[in-house]
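# Close look at the chain arrangement
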Amino acid sequence: MTMASRKSLWLAALVLALPAFAGAGHTDEAGGAEKEKPRIERPLGVVELFTSQGCNSCPPADAYFAELAGKEDIVALAYHVDYWDYLGWQDTLGRKENTERQYDYMRAFGNRSVYTPQAVINGRVHLNGANRGEVDGALARMARSGEGMHVPVKISRTSDRVIIDAGDAGAGPSDAHVVIVYFDAPRTVKIAQGENSGRSMTYWNAVTGIQTAGMWHGKAQRYELPMSEITKKGGCAVLLQSVGKDGLPGPILGAAFIHKP
């Protein structure tokens with residue numbers, strides 16, 4: 001169920017039985033660079049999962065996401081949202097910024113509400129994050145149709161910096177943001193209250209921060225980040241993501257892991 005539907009049901013219950021509260025179901029210089037393991041410059045795609053520890057529909061999506069996070073050719077990022085906290089369990093990984101990114105996608109897709117578990121594929125479409133057939137199908141279809149990661153992103157490093165080389169788009173889009181997404185190493189959480197009370201879940205690649213590191217204008221370009229910033233985080237990825245004139249996120253053109261724990 002969507003967030004809007006959840007609110008409507010809750011308000012209706014409140015009017016009919018004000019003294020009682022009942023929860024509802026979820027409707028809602030490259031030179032000198034140190035040698036390292038080769039990284040895939042053009043992954044199959046990017047999967048962004050919007051999930052919550054307080055959503056009883058999310059565990060199947062979280063389990064499937066763990067499989068995706070283990071694949072070298074998928075950049076998988078989990079955004080824990082905070083709008084289900086009122087159901088009785090505060091998501092220990094939830095962040096307001098993650099919720100804001102989901103609402104930005106909602107507006108970009110022309111939707112009227114948000115939901116969990118929601119998977120956004122390559123910044124282009126959204127699907128039920130628990131439906132592996134649809135997610136796998138969307139990744140394969142986009143790779144064939146030219147809506148995949150067609151701009152190569154190469155990561156290298158020296159002793160004190162990380163070097164990001166974004167390739168040439170050819171005749172493709174000419175502008176995108178270089179977005180750095182930080183995430184945690186896998187973490188197991190025991191959920192003591194709420195709709196998933198009693199469960200113990202291991203969460204992968206839970207996003208802890210997002211920042212824009214620069215602009216890409218369609219031609220090969222290099223960006224550098226201090227190694228000290230990267231080593232503070234559990235892991236991080238770079239997304240080459242187009243942004244509309246309204247500031248809303250658009251298609252992801254290229255991506256890579258900078259550091260994957």
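Report follows, based on the coordinates. (Residues numbered from 1 in each chain as written. Predicted model: local features only at pLDDT ≥ 70, side-chain atom pairs only at ≥ 80, totals over all residues. Heavy atoms only, no water.)

### A short note on the sheet that holds strand β6 (residues 161–166)
Put simply, the test is: Each pair of strands is called paired provided DSSP finds at least two bridges between the two strands. Numbered from the N terminus, helices here are DSSP runs of H or I no shorter than four residues, and strands are runs of E no shorter than two. The axes are straight lines fitted to the C-alpha atoms, using for helices just the contacting stretch, and the angles between their N-to-C directions are given from 0 to 180°.
Sheet architecture is open: three strands sit in the order β5-β6-β11, paired in antiparallel fashion. A single partner strand is all that each edge strand has here, and the edge strands are β5 (153–157) and β11 (221–226). Sheet twist, expressed as the mean angle between neighbouring strand axes with direction ignored, is 20°. The sheet contact formed by β5 and β6 spans five bridges and is antiparallel.

### Examining unusual backbone geometry
Looking along the chain, the bond that leaves T116 and enters P117 is cis, with omega of 0°. Structurally, P117 is set in the loop between α3 (96–109) and β3 (118–121). Unlike most non-glycine residues, N122 shows phi in positive territory, near 55°. Checked against the element boundaries, N122 lands in the loop between β3 and β4 (125–128).

### What about the sheet that holds strand β13 (residues 249–259)?
Put simply, the rule is: By definition, residues are in contact when any of their heavy atoms lie within 4.5 Å.
A sheet is described by the order of its strands in space; here four strands give the open sequence β10-β7-β12-β13, paired in antiparallel fashion. Looking at the sheet topology across the chains shown, the edges are occupied by β10 (207–216) and β13. For this sheet, the mean inter-axis angle between neighbouring strands, taken without regard to orientation, is 25°. In the packing of α3 onto the sheet, the strands contacted are β10, β12 (235–243) and β13, and the crossing angle to β13 comes to about 145°.

### Some words on the packing of aromatic side chains
Under the convention used in this document: Here a pair means two rings of Phe, Tyr or Trp (six-membered ring of Trp) with centres within 6.5 Å. Their orientation is stacked below 30 degrees between planes, edge-to-face above 60, and tilted elsewhere. Each residue gets one of three labels from its accessible area relative to the maximum for its type: buried under 20%, exposed over 50%, partly exposed in between, using a 1.4 Å probe on protein chains only. Throughout this description, the term charge over a ring refers to an Arg CZ or Lys NZ atom that lies within 6 Å of the ring centre and within 35 degrees of the ring normal.
As enumerated under the stated definition, the model contains six aromatic pairs in all. With a centroid separation of 5.2 Å and an interplanar angle of 65°, the aromatic rings of Y83 and W84 are classed as edge-to-face. An identical accessibility class is assigned to Y83 and W84; each is buried. Ring plane angle 80° and centroid distance 6.5 Å describe the contact between Y83 and Y103, whose orientation is recorded as edge-to-face. With a gap of 20 residues between them, Y83 in the loop between β2 (74–80) and α3 and Y103 in helix α3 connect regions that are remote in the sequence. Residue class for Y83 comes out buried when judged on its relative accessible area of 9%. For Y103, a relative accessible area of 25% puts it in the partly exposed group. An aromatic cluster is present here, built from F50, Y79, Y105 and F109 joined pairwise through their rings. Between K233 and the ring centre of Y182, over which it is positioned, the NZ or CZ distance is 4.8 Å.

### What about the nonpolar core?
We count it as follows: To qualify as a nonpolar core, a set must consist of buried Ala, Val, Leu, Ile, Met, Phe, Trp, Tyr and Cys residues joined through side-chain atoms within 4.5 Å.
Counting residues in each nonpolar core, the largest one holds 25 residues, and the members touching the most others are V46, V75, L77, V181 and L239. When residues of this core are traced back to their parent elements, those giving at least two are β1 (45–51), β2, α3, β7 (176–183), β12 and β13. What V46 contacts, discounting residues up to four positions off in sequence, is V75, V120, I121, N122, L139, M149, L239, I252 and A255. Within the second largest apolar cluster, 22 residues are counted, among which are I155, C236, L253 and I258.

### Points about the pattern of salt bridges
For clarity, the cut-off: What counts as a salt bridge is simple: a side-chain nitrogen of Lys or Arg found within 4 Å of a carboxyl oxygen of Asp or Glu.
Counting across every chain of the model gives eleven salt bridges. The partner of E147 in a salt bridge is R124, and the shortest N-O contact between them spans 3.8 Å. Residue E147 is found in the loop between α4 (132–145) and β5, and its partner R124 is found in the loop between β3 and β4; the two are separated by 23 residues along the sequence. Residue R124 is classed as partly exposed on the basis of its relative accessible area, which comes to 23%. The residue R161 makes a salt bridge to E224 at a minimum N-O spacing of 3.1 Å. Placement of R161 in strand β6 and of E224 in strand β11 is noted, with a sequence separation of 63 residues between them. Accessibility expressed as a relative area gives 26% for R161, which makes it partly exposed.

On their own, these measurements won't tell you what the molecule is for.
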